[in-house]
Amino acid sequence: MPRTPLIAANWKMNPAPEGAFAADSPYRPQSGIETMVFPTFFDLQPCLEAGLPTGAQYGHPDSVGAHTGDVSMTMIKKAGCPFVLCGHSERRRDHHEEDSDVVAQAEAALRNGLHPVICVGETESERRTKRHKQVVERQVRVLPLREVVTIAYEPVWAIGTGVTPTPEQAEDMHAFIRSLIPEARRESTRILYGGSLTAENALEFFQQPDIDGGLVGGASLKPAVFREIVLAAVQARS
Ligand code: PGA
């Protein structure tokens, strides 16, 4: 069963781009390509009302409780939002999220009927010292991979830097991640690439056999550029 490509927009702490809610919004699924947007909590509702496939950027594993500033997976689900990001490297960095926190989030997401998009990836020094596979294996092995999840491989050093691995290096890691997924779900689990994807480089990444789409940050804030990245996914499939 071929995997449907997914191009996800991570808007981070930015307002929804102009035109995102329009009928011809590039953030809507098109030509056999799935799309997804990850807005701030404030923009979740407008995105859902506009009919965009929408996810939260984070959810707390507990349903309710004394966690000032947090929103739970249960609340995200109740708001009608079907997807959630787990373990983005900026959360790991800014909020000291560890692998165990990311697993707790992914499990809570699944328990609440949300589809988690789970981020993994090594730092620059881990790649330089050739520990990148070891680190990613540690991050991946603990995940609930017998369930329906999406994985996003995002090398930390490629996020927002304009520097990327070569498509071959990314493919090598994607194939490695796939080999860690239990056989029953190995071929059906989507693995996205993220980190400085642009309209110029997207096609080369999407042409790799184990790269099933992208998690796009900076470039997703420009609707025209995001449209081109989606078109690259269309082209890669043809
Ligand atoms: P970037 O971010 O595309 O700006 O590198 C990707 C991400 O953080 O998901």
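Keep in mind that this is a model prediction, so the values were computed, not measured.

Criteria and thresholds
- The written sequence of each chain sets the order in which its residues are numbered from 1.
- pLDDT decides what is reported in this predicted model: residues at 70 or higher carry local features, side-chain atom pairs at 80 or more are listed and counted, and totals for whole chains, interfaces and linings draw on all residues regardless.
- Based on all heavy atoms of the structure, the side-chain values leave hydrogens and waters out of the count.
- The criterion for a residue being near a molecule or strand is simple. One of its heavy atoms has to lie within 4 Å of it.
- As used in this structure description, the phrase polar contact means that two N or O atoms lie within 3.5 Å; if the pair is within protein, one of them must be able to donate a hydrogen and the other to accept it, and residues adjacent in sequence are counted only when both atoms belong to side chains.
- Here the accessible surface of atoms and residues is derived via Shrake-Rupley with a 1.4 Å probe, and residues count as covered only by protein chains that are part of the display.
- In this analysis, rings of Phe, Tyr and Trp, with Trp reduced to its six-membered ring, are considered paired at centre separations within 6.5 Å, and the interplanar angle assigns stacked below 30 degrees, edge-to-face beyond 60, and tilted for intermediate values.
- Strands here are runs of E lasting at least two residues and helices are runs of H or I lasting at least four, both read from the DSSP assignment and numbered beginning at the N terminus.
- Accessible area is worked out with a 1.4 Å probe on protein chains only. A residue is then buried under 20% of its type maximum, exposed over 50%, and partly exposed in between.
- Consider the ring centre and the ring normal. A charge sits over the ring if Lys NZ or Arg CZ is within 6 Å of that centre and within 35 degrees of that normal.
- Contacts between residues were defined by any pair of non-hydrogen atoms, one from each residue, lying within 4.5 Å.
- A pair of strands counts as paired when DSSP detects no fewer than two bridges linking them.
- Whether a crossover is right-handed comes down to one check: with the strands pointing away from the viewer, does the path from the first strand over the helix to the second run clockwise; if it does, it is right-handed.

Take the site of the ligand next. Of all residues adjacent to the ligand, which total 13 residues, the nearest are Lys12, His88, Glu154, Gly160 and Ser196. Take Gly160: an N or O atom from its main chain is 2.7 Å from an oxygen atom of the ligand. Contacts to the ligand include Gly217, whose backbone N or O atom sits 2.9 Å from an oxygen atom. Burial of the ligand by the protein amounts to 95% of the accessible area it has alone, namely 280 Å².

Any two aromatic rings considered together are summarised by their centre-to-centre distance and by the angle between their planes. One pass over the structure, following the stated rule, counts four aromatic pairs. With a centroid separation of 4.8 Å and an interplanar angle of 25°, the aromatic rings of Tyr27 and Phe226 are classed as stacked. Of this pair, Tyr27 sits in the loop between strand S1 (6-10) and strand S2 (34-38) while Phe226 is found in helix H10 (residues 223-237), placing the two residues 199 residues apart along the sequence. When its relative accessible area of 0% is taken as the criterion, Tyr27 is described as buried. Sitting over the face of the ring of Tyr58, Arg91 holds its NZ or CZ atom 3.9 Å from the ring centroid.

On the secondary structure map, Asp210 appears in the loop between helix H9 (202-206) and strand S8 (213-216). Among the polar contacts made by the side chain of Asp210, one reaches the side chain of Arg178 at a distance of 2.5 Å. In this structure, Asp210 is in contact with Arg3, Glu171, His174, Ala175, Arg178 and Ile191, ignoring residues within four places of it in sequence.

Right, let's talk about the pairing of strand S4 (residues 83-86) for a bit. Side chains Phe83 and Leu85 of S4 all project onto a buried face; the interleaved residues Val84 and Cys86 project onto the opposite face, where all are buried too. Across two bridges, strand S3 (residues 55-56) lies against S4 in parallel orientation. Note that in S4 the partner of Gly55 across the bridge is Phe83. Each parallel crossover has a hand, and for S3 linked through helix H2 (residues 73-78) to S4 it is right-handed. Examined bridge by bridge, S4 and strand S5 (residues 115-120) share four bridges and lie parallel to one another. Following the sheet pairing, Cys86 is matched in S5 by Ile118.

Note that Leu145 resides in the loop between helix H6 (132-141) and strand S6 (150-153). Classification of Leu145 as buried rests on a relative accessible area of 5%. In the structure, Leu145 is positioned 40 residues away from Arg185 in sequence and 7.5 Å away in space, judged by C-alpha atoms. Apart from residues no more than four positions distant in its own chain, Leu145 is found in contact with Val140, Ile151, Leu180, Ile181, Pro182 and Arg185.

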